[in-house]
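Spelled out from the first residue to the last, the chains are:
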Amino acid sequence: MTTYMDFRLGHLHAIMGGYRCKLIFSLALAMCTVTVLPQNPASVFITAGQSNAEGRATVEDLPVYLKDFSYGHLRYAFVRSAQTGKFGDFRFGDTFAFCDVTNYFIDRAMDADFYAIKCTYGGTSIAPGATEPGKPVWYAGREWLRKNKAHSDAHGGMSLALSLTEGFAKCAGTTLSKLPGGYDVKAIMWHQGESDRTKAGDYYRNFKEVITFMRERIYAVTGKEKDKTLPFIFGTVPHASRQYDPLVEAAQLQVARELPNVHVIDLSDAGLQADGLHFDGAWTEYVGKLMFDKLVGLGLVDAPPAGASRPPVANGVDSLLTWHYPQIPNGKAVVICPGGGYGHHAMGHEGNEVAEWLAGKGYLCVVLKYRLPGGQSNIPLDDARDAIRLLRGKSDELCISPDRIGIMGFSAGGHLAASVATLGDSLGRPDFQILMYPVISMSPEITHWGTRNHLIGMDAPSLLAERYSLERQVDGKTPPAIIILSADDPAVSPENSLRYFNALRENHVPVSMFIYPNGGHGWGMKDSFAYKGRWMYELENWLEGLDVNK
């Protein structure tokens, strides 16, 4: 009996021992399984362009958080100088660029290495022949590319588009494709355009080609369908730049509307260094934050926004404003733009007299004597946008609500008001628009030719005419509008107002329109206009019932 029991106990120990071995083996196997789970692909960001992308702000102006900072996860390759395919650590030289700020915020957001590929060259154009002979260009015309080679510091060459794409391919083959989790190209960040001003008429085609070429060549390497429309984020040329050209800007914005996944950052009011070309330190930082916030908004980086705060810019708009203060404020403000065909200002019956009436109703009013364009189309728009920003920035001091600031314009001033409403950025866009017998379109069949001539020229390129034909610029962000005119207007065709009205309706923007049977053009506050009391009554009612908190 004892022997039997010993045998049974010995057998039980053997069974339990085997179970423990199996349990230990299973746990070990599970741990091994955990360690070989697929890794996430490494993020890759590309920066390209000319000097503002390369970086011209001095390191003395580095943001405080970058002065003693060492990137923990950034792996960096500058492929213009050499295409080795290898990445290394990044070190600041004498200057810094917006991408250095963007990379700082990416670095903080990452818990693994990410890869930054940069290809920049100051003073370079897209178009061949737009700068000094022998300087490489970004041109991507296929026949031209077949005859040229990638530029590098050691071997020369004329093509920067090939420098970037061949440099990327080398990085992919040498380094990125060997990463355990592979890699994922997130976006191209771009700033360029200044050096193409002498061939601005070619920029639309050239810019479109270079974006398409970069995407095609990256897709040819990665094989990922999404890279056919790889996010392309670019900033516009500052209007204060001595190399700004409105046609280049119009071309950039048109390409952004036509190509998928192309995103614009409006840098029209960027602050520049004394050279009138390059972002100053504060704006270099700001642009870097805007780029990062765009990456976050597109879901390309999992992080909170950087919280970009626009640096102050001295613009002198104060000297263009006449202020009319209400005795009993209602918290709303109106910027008033008199007419005059962009050749003069009707400051009385379309300006100060209107402001006095509205101030008596509780509105803070400023009459804007905008600078006349003389063919430089951005000038009045910049002034009107700066006036909106000024009011918004001083809203507490002025006892107005920052989201109850509107714009009112008469005739060509109506074109200016609608321009700010459709083309303005978030800070410079009004919350409502009041358009009095406005010029809207640059289309030859309905435009007011005097207005068109002063703004963009009689023979303006079609891209500029398209940009300032405001019925084509309406979108869902356009603020509510009221339009008031006479049916028998002999100067500005009522078709201008009708097209704008229809565009607003098509985009589900609240709009009211009042057309009086006669009265002609330019009546403003004139007592001779038979319907003066009527339009004032309708406008007052509309303003009182307007919900600007969309």
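Parameters and conventions
Residues numbered from 1 in each chain as written. Predicted model: local features only at pLDDT ≥ 70, side-chain atom pairs only at ≥ 80, totals over all residues. Heavy atoms only, no water. Helix = DSSP H or I, 4+ residues; strand = E, 2+ residues; numbered from the N terminus. Buried < 20%, exposed > 50% of the residue type's maximum accessible area, 1.4 Å probe, protein only. Contact = heavy atoms within 4.5 Å. Areas by Shrake-Rupley, 256 points an atom, 1.4 Å probe, with all protein chains shown as cover. Lys, Arg positive; Asp, Glu negative; His and termini not counted. Charge placed at Lys NZ, Arg CZ, Asp CG, Glu CD. Axes fitted to C-alpha atoms, helices over the stretch in contact; angles between N-to-C directions. Parallel < 35°, antiparallel > 145°, perpendicular 65-115°, else oblique. Left-handed = near helix turned anticlockwise from the far one by under 90°. Nonpolar A, V, L, I, M, F, W, Y, C, P; charged D, E, K, R; others polar. Expected span 1.5 Å × (residues − 1). Pairing = 2+ DSSP bridges. Salt bridge = Lys/Arg side-chain N within 4 Å of Asp/Glu carboxyl O. Core = buried A, V, L, I, M, F, W, Y, C linked by side-chain atoms within 4.5 Å.

Things to note about the overall build of the protein
In step 1: Regarding its fold elements, the protein presents 17 helices and 15 strands.
In step 2: Expressed along its principal axes, the backbone C-alpha trace of the protein runs to roughly 125 × 75 × 45 Å.
In step 3: Looking at the protein residue by residue over its 550 residues, the buried ones come to 57%.
In step 4: Taking the contacts inside the protein whose residues are at least 6 apart along the sequence as the reference set, 77% of them involve residues at least 24 apart.
In step 5: Split by element, the accessible area of the protein, about 23400 Å² in all, is 53% carbon and sulfur.
In step 6: The centroid of the 53 positive side-chain charges in the protein is displaced by 7 Å from the centroid of its 59 negative side-chain charges.

What to know about the packing of helix α11 (residues 378–393) against helix α13 (residues 412–423)
In step 1: Where α11 contacts α13, the two axes come as close as 9 Å, and the packing angle between them is 70 degrees. Judged on the interaxial angle alone, α13 and α11 are roughly perpendicular. In the crossing of α11 with α13, the sense of the turn from one axis to the other is right-handed. Contacts between α11 and α13 involve P380, L381, A384, R385 and I388 from the former and L416, S419, V420 and L423 from the latter.
In step 2: When its residues are assigned to classes, the contact of α11 with α13 shows 7 nonpolar, 1 polar and 1 charged.

Overview of the environment of A130
In step 1: Note that A130 resides in the loop between β5 (114–120) and α5 (142–147).
In step 2: By relative accessible area, which is 12% here, A130 ends up buried.
In step 3: Sequence-distant contacts of A130, that is, excluding residues within four places in its chain, are made with S125, S195, T198 and K199.

Considering the packing of helix α7 (residues 203–222) against helix α8 (residues 246–258)
In step 1: Following both chains from N to C, one finds α7 and α8 inclined at 45 degrees, their axes separated by 8 Å at the closest point. Viewed along their axes, α7 and α8 adopt a mutual orientation that is oblique. Crossing angle aside, the handedness with which α7 passes α8 is right-handed. For the pair α7 and α8, contact is made by Y203, Y204, F207, K208 and I211 and by V248, A251, Q252, Q254, V255 and E258, respectively.

Some points on the side chain of K532
In step 1: Within the secondary structure, K532 sits in helix α17 (residues 532–545).
In step 2: Using a relative accessible area of 17% as the deciding quantity, one classes K532 as buried.

Quick word on α7
In step 1: With 20 residues, α7 extends 28 Å between its outermost C-alpha atoms, agreeing within 8% with the 28 Å of an ideal straight helix rising 1.5 Å per residue.
In step 2: Every buried residue of α7 is accounted for by Y203, N206, F207, V210, I211, F213, M214, R215, I218 and T222.
In step 3: After α7 finishes, the residue G223 shows a positive phi value of roughly 70 degrees.

Examining the sheet that holds strand β8 (residues 262–265)
Either a parallel or an antiparallel arrangement is found when strands of a sheet pair, and the pairing is made through backbone hydrogen bonds.
In step 1: Read from one edge of the open sheet, 6 strands run β3-β5-β1-β6-β7-β8, paired in parallel fashion. A strand with exactly one partner marks an edge of an open sheet, and here the two such strands are β3 (74–78) and β8. Here the average twist between neighbouring strands, direction ignored, is 20 degrees.
In step 2: Judged from the 6 bridges that link them, strand β1 (residues 42–49) and β5 form a sheet pairing that is parallel. Bridge pairing in β5 places A48 opposite C119.
In step 3: Set on the sheet, helix α6 (residues 160–174) makes contact with β1, β3, β5 and β6 (183–191); between it and β5 the angle comes to about 155 degrees.

Thoughts on the pattern of salt bridges
In step 1: One pass over the structure, following the stated rule, counts 33 salt bridges.
In step 2: As a salt-bridge pair, K135 and E132 come within 3.3 Å of each other at their nearest N and O atoms.
In step 3: When the shortest N-O distance is used, the salt bridge between K186 and D184 registers 3.1 Å.
In step 4: One network of salt bridges, in which partners are shared, links D184, K186, K224, K226 and D227.

Overview of the sheet that holds strand β11 (residues 364–368)
In step 1: Judged by pairing direction, the sheet is mixed, and its 7 strands sit side by side in the order β9-β11-β10-β12-β13-β14-β15 without closing on themselves. Edge positions in the open sheet fall to β9 (321–324) and β15 (511–516), since each of these has one partner strand only. Recorded for the sheet is a direction-independent mean angle of 15 degrees between the axes of neighbouring strands.
In step 2: Strand direction decides the pairing type here: strand β13 (residues 432–436) and strand β14 (residues 481–486), joined by 4 bridges, are parallel. The residue bridging I434 from the neighbouring strand is I482, located in β14.
In step 3: Strand contacts of α13: β10 (333–337), β12 (405–410) and β13, with the helix running at about 150 degrees to β12, the strand carrying the most contacts.
In step 4: α17 rests against β12, β13, β14 and β15 of the sheet, and its axis sits at about 170 degrees to β13.

Here's the deal with unusual backbone geometry
Negative phi characterises most residues that are not glycine, and trans characterises most peptide bonds.
In step 1: Positive phi values are uncommon outside glycine, yet C399 reaches one of about 60 degrees.
In step 2: Along the chain, the position of C399 falls in the loop between α12 (395–398) and β12.
In step 3: Although it is not a glycine, Y437 adopts a positive phi angle of roughly 35 degrees.
In step 4: Position of Y437 relative to the elements: it lies in the loop between β13 and α14 (449–455).

Considering the side chain of E285
In step 1: With respect to the helices and strands, E285 occurs in helix α9 (residues 281–297).
In step 2: In contact with E285, not counting residues within four places along its chain, are P63, Y65, F96 and V101.

Concerning the pairing of β5
In step 1: A large share of β5 lies buried, amounting to 7 of its 7 residues.
In step 2: Alternating residues of β5 divide into F114, A116, K118 and T120 and Y115, I117 and C119, and every residue in both groups is buried.
In step 3: Taken together, the 5 bridges between β3 and β5 define a ladder with parallel strand orientation. When the bridges of β5 are listed, R75 appears paired with Y115.

What to know about α13
Residue pairs spaced three or four apart in an α-helix point in one direction, given the helix's 3.6 residues per turn.
In step 1: Compared with an ideal rise of 1.5 Å per residue, which puts 12 residues at 16 Å, α13 spans 16 Å between its outermost C-alpha atoms and is within 8% of the ideal.
In step 2: Burial analysis of α13 places 12 of its 12 residues in the buried class, the great majority of the element.
In step 3: A412, G413, G414, H415, L416, A417, A418, S419, V420, A421, T422 and L423 are the residues of α13 that are buried.

Structural notes on the nonpolar core
In step 1: Grouped together as the largest cluster of nonpolar side chains are 129 residues, with contacts concentrated most on M408 and W535.
In step 2: Contacts of M408, omitting those with residues within four sequence positions, involve V334, V335, I336, C337, V354, L358, A417, I434, M436, W535 and L539.
In step 3: Of all hydrophobic cores here, the second largest spans 40 residues; its members include A53, C99, V101 and V287.

Remember that the coordinates give geometry; whether it matters functionally is a separate question.
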